[in-house]
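# Observations on the model geometry
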Amino acid sequence: MTHFDEEVDLLVVGTGAAAMSAAIAAKDEGLDVLVIEGAEEWGGSTAMSGGGCWLPTHPGMSDLGVPDSEEKVLTYLDACVGTPDEVGPASSLPRRRAFVRAAPVVYSWLERHGMEWKPARYYPDYYPDLPGGIAGGRTVEPAPFDTKKFGDWYDHARKALPPIAMFAGDTYLLARAWSTFSGAVGGARMVLRTLGRYAVGQRPSGLGMSLAARLMWIAKFEQGTEVRLATPLTDLIVEDGAVVGAVVAGPEGERRIRTRAGVHLGAGGFDHNAAWRATYQGLDQEYSSGSPDNLGTAIEIGIRHGAEVALMDDAWWGPSVVPAGEHGATFIVSERSMPFTIVVDQEGQRYVNESTSYVDFGHAMIERGLERTNHSWMILDVRHRRRYLNNAFLMGKKALFEEGSAVQADTLEELAEKMGVPKDNFKATIQRFNSFARDGVDQDFGRGKDAYDNYYGDPTHGPNPNLGEIAHGPFVAVKIILGDLGTKGGLLTDENARVLSTSGTVIEGLYAAGNCSASVVGRTYPGAGSTLGPALVFGYLAGKHAGVRSRVAVG
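The model shown is predicted, which means the values in this text are computed figures rather than measured ones.

If you add up the space inside the second largest pocket, you get close to 330 Å³. Lining the second largest pocket are 18 residues, and of these K118, Y122, G169, Y172 and L173 lie nearest its centre. When residues of the lining of the second largest pocket are traced back to their parent elements, those giving at least two are β4 (117–119), α6 (171–174) and α7 (181–199). No other element matches α7, which puts five residues into the lining of the second largest pocket. Partitioning the lining of the second largest pocket into residue classes produces nine nonpolar, three polar and six charged.

To continue, consider the packing of aromatic side chains. This structure, assessed with the given rule, holds 28 aromatic pairs. Geometrically, the ring pair formed by W42 and W153 is stacked, given 6.4 Å between the ring centres and 10 degrees between the ring planes. Of this pair, W42 sits in the loop between β2 (33–36) and β3 (53–54) while W153 sits in the loop between β6 (145–146) and α6, placing them 111 residues apart in sequence. W153 gets classed as buried once you look at its relative accessible area, which sits at 13%. Cluster of aromatic residues (ring-pair linked, three or more members): Y123, Y126, Y172, W316, F331, Y358, Y452, Y455, Y456 and Y525.

Scanning the entire structure with this criterion turns up 37 salt bridges. The partner of R438 in a salt bridge is E469, and the shortest N-O contact between them spans 2.9 Å. You can see R438 sitting in helix α17 (residues 423–439) and its partner E469 sitting in the loop between α18 (451–455) and β18 (475–487), a full 31 residues away along the chain. What you see here is one network of salt bridges that share partners, running through E6, E226, R228, E252 and R255.

Of all seven residues that make up strand β21 (residues 506–512), five are buried, and the element is covered over most of its length. Summarising the sheet, strand β11 (residues 255–265) and β21 pair through three bridges and their orientation is parallel. From the neighbouring strand, V263 faces β21, where its bridge partner is L510. Judged from the two bridges that link them, strand β20 (residues 498–500) and β21 form a sheet pairing that is antiparallel. Counted as the bridge partner of L500 is V506 from β21. Between β20 and β21, which pair antiparallel in sequence order, lie five residues; one of them, G504, sits at a positive phi of approximately 90 degrees.

The subject of this paragraph is the sheet that holds β3. Taking strand neighbours across the sheet as the criterion, the three strands line up as β3-β5-β4 in an open arrangement whose pairing is antiparallel. The outermost strands of the open sheet, each flanked by one partner alone, are β3 and β4. Both β4 and strand β5 (residues 139–142) contribute to a ladder of three bridges, which runs antiparallel. Bridging from a neighbouring strand, K118 pairs with E141 of β5.

Turning our attention to the packing of helix α16 (residues 412–419) against α17. Describing two packed helices takes the angle between their axes plus the distance from one axis to the other. Close contact between α16 and α17 brings their axes to 9 Å; oriented N to C, the two are set at 130 degrees. The angle between α16 and α17 places the two elements in the oblique class. The interaxial crossing formed by α16 with α17 has right-handed handedness. Counting all contacts with α16, which are made through L412, E413, L415, A416, E417 and M419, the residues of α17 involved are K423, F426 and I430. Its residues assigned to classes, the contact of α16 with α17 comprises six nonpolar, no polar and three charged.

Another point: the side chain of H545. Relative to the helices and strands, H545 resides in helix α19 (residues 532–554). The buried category is assigned to H545, whose relative accessible area is 17%. Engagement of the side chain of H545 in a polar contact is seen with the side chain of Y511, the distance being 2.8 Å. Filtering out sequence-adjacent residues up to four positions away, H545 remains in contact with N496, R498 and Y511.

The next subject is empty space enclosed by the protein. The tally for this structure, following the rule as stated, stands at two cavities of 30 Å³ or more. Taken together, 17 residues make up the lining of the largest cavity; nearest its centre are G514, S517, S519, V520 and P534. Among the elements that make up the lining of the largest cavity, the one with the highest residue count is α19 (three residues). Its residues placed into classes, the lining of the largest cavity shows eight nonpolar, seven polar and two charged.

Across its 16 residues, helix α8 (residues 207–222) extends 22 Å between first and last C-alpha, which sits within 8% of the 22 Å expected from 1.5 Å per residue. Burial within α8 is extensive, with 13 of its 16 residues counted as buried. Positioned one or two residues after α8, G224 has a phi angle of 80 degrees, which is positive.

Cut-off values and rules
Residues numbered from 1 in each chain as written. Predicted model: local features only at pLDDT ≥ 70, side-chain atom pairs only at ≥ 80, totals over all residues. Heavy atoms only, no water. 1 Å grid on protein atoms, 1.4 Å probe; cavity = no way out; pocket = protein on both sides within 12 Å on 5 of 7 lines; lining within 4 Å. Points joined across faces, edges and corners; volume = space filled by probe spheres on them. Helix = DSSP H or I, 4+ residues; strand = E, 2+ residues; numbered from the N terminus. Nonpolar A, V, L, I, M, F, W, Y, C, P; charged D, E, K, R; others polar. Phe/Tyr/Trp six-rings, centres within 6.5 Å; stacked < 30°, edge-to-face > 60°. Buried < 20%, exposed > 50% of the residue type's maximum accessible area, 1.4 Å probe, protein only. Salt bridge = Lys/Arg side-chain N within 4 Å of Asp/Glu carboxyl O. Pairing = 2+ DSSP bridges. Axes fitted to C-alpha atoms, helices over the stretch in contact; angles between N-to-C directions. Parallel < 35°, antiparallel > 145°, perpendicular 65-115°, else oblique. Left-handed = near helix turned anticlockwise from the far one by under 90°. Contact = heavy atoms within 4.5 Å. Polar contact = N/O pair within 3.5 Å; in protein donor to acceptor, adjacent residues only side chain to side chain. Expected span 1.5 Å × (residues − 1).

Have a look at this one:
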């Protein structure tokens, strides 16, 4: 019989959105909860993210005057993700329904715990013109959080983002803060908001850090849940086919923890597991923007105990500028969507709507053939560099040029030579694109055709806010590669976030949510926050179900 060093109701693995949501929900159910984090810092990829959460039908939509319904969301998911039969069990109809029905519940539940939500009124779904799509309102963001409240505990937070009171909804305005009036106003509001917080003695966090911080505050400081850092999960303890405990490492050495209600895995994907990225996705090298501690350990442990996996070949893809100097890859969104820029492959040809959602851009790179697109080149007219923010240049412009990842030339012919692409192809591509820019219609890829494209465009530029001629030098070309926000595949779960075995049965006592589980939205990205929204929802459902399981065991 297994000897246990301690006993709890629910052991939660990880400190991102999926983990902390489960911990809070289980505590609300009256369970004794312990949270462990393998890294020395808390927050996971959530703390590094934009912080937006896709929670369709949330109560704030009525305040915006934006109608929504379960039927409308399910119609939209069928249209953009594909039907459940087309996508597979990770995106089954029961899981979709569970997500859509619980999304507004989670919004209100966290609000009662002190979460201050701000609906992103103008942030469209990524396919707003598809049946059920909406041109803004389904995404919500947490208000900035005062991290001074943590005291010394903040020293252990994953600080990937600057301490400013910023919303993800600020970013599209900041991208054009010095070239448009609305951008300047948006930038000024963010600065004043931040200064106002500091003026009253706060240290504000925004974006994903505000979400991670608020969840941590609720769980650890309001509910009193113990959180242990540098305590990785190393194995599960299974008796008669059910998970009854776990083995963890840590400063005190190996410990066996008995779990009366179960183990919840919210430990992230396999973003930086080079061997798995090669095996499952065929990548020679990964450029993930996810947490550096995401190595797929929780997924591997689940597989070891008979768990099924799905979508392991996919990720939350997106183009990134290659690492430069001491900085890692820079995930790019507005940079490629604004006017006066295009992207070409190594043959000097376009292959994608540059303004499309990042996951679709990544899929386009893969479908075109990574031997041609990884790397590609983002071409910038001088007007782009003068008018719009480029995060890659903020992170290390000098290093990009010194390392040959960015080149500059006075003429397009000279630029093609420095890029190493066929001059004739490149010239023809530019001429064709420029004709589209003048007419305002991208006849090849439809750039600028919908509200999502336009969101990261320049509303003062016409006739198309996303199209501008590549005509004024000096010109710059920047290497872009296939990056991601994390992996999309993982343990297969049901509508209660219970992990399923390879035979399709539930592994009792084992739950998973977030990027260590296969995504409910399949291979696409319905709207901003399609990672964090489902992570919160299925973490919540796991915690609630663990409460039911505990009561059944006792009763």
